[in-house]
Amino acid sequence: MSVEKTTEGRKTYVNDAFDFAKMRAKTDPDLELDDNAVKPLYDDALKIAEGTWESYHQKRDQLFDDAVNALVEMGNCQNLRHLNQNQANIFEAFLAFDGSDRTQLCEEIWNVASPKVDYYWRDGTFGALEELRTRELYYRTYGNGRGL
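Residues numbered from 1 in each chain as written. Predicted model: local features only at pLDDT ≥ 70, side-chain atom pairs only at ≥ 80, totals over all residues. Heavy atoms only, no water.

Draft legend 1. Quick look at the overall build of the protein chain. Within the protein chain, the regular secondary structure consists of 6 helices and 2 strands. In the protein chain, the order of α-helices and β-strands from amino to carboxyl end is α-α-α-α-α-α-β-β. Every one of the 148 residues in the protein chain was classed for burial, and the buried ones make up 32%. If you take every contact in the protein chain between residues at least 6 apart in sequence, the share linking residues at least 24 apart comes to 62%. For the protein chain, the computed accessible surface area is about 9,600 Å², with 49% contributed by carbon and sulfur atoms. (Helix = DSSP H or I, 4+ residues; strand = E, 2+ residues; numbered from the N terminus. Buried < 20%, exposed > 50% of the residue type's maximum accessible area, 1.4 Å probe, protein only. Contact = heavy atoms within 4.5 Å. Areas by Shrake-Rupley, 256 points an atom, 1.4 Å probe, with all protein chains shown as cover.)

Draft legend 2. Local environment of the pattern of salt bridges. As enumerated under the stated definition, the model contains 3 salt bridges in all. The closest approach of N and O atoms between E92 and R102, which form a salt bridge, is 2.8 Å. Placement of E92 in helix α4 (residues 85-98) and of R102 in helix α5 (residues 102-113) is noted, with a sequence separation of 10 residues between them. The exposure classification of E92 matches that of R102, with both residues buried. (Salt bridge = Lys/Arg side-chain N within 4 Å of Asp/Glu carboxyl O.)

Right, here's the structure in full:
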């Protein structure tokens, strides 16, 4: 959105976003709009209004690249079939910062990382990513790719 770079564009985005949220809440009787549903939108609006939107994207891009690199690192190491704790922490930092749907974010990571992973290790790497996506990794303790 090119208008994000102007103050007027930022104000318009904030106004439009909140107007849409209010309109949606009024027209959909099944929608139970609460503060938790509006908070991510409000946070984004504040980032835009404060002029930190570009720095937000820079930070997100850095965390995304770190997550992709962690997955590629795990995938190309013959001894690792699961994410180690450090790699899992890198993923969780990205997922927490972005705040979007875990499935969508993991698909985004996989689309970038899969061509960088050796063909023979892709299934195992995808399985490790699925553990993270479904949060199965919290049922295990990880240490350098080996269950402790």
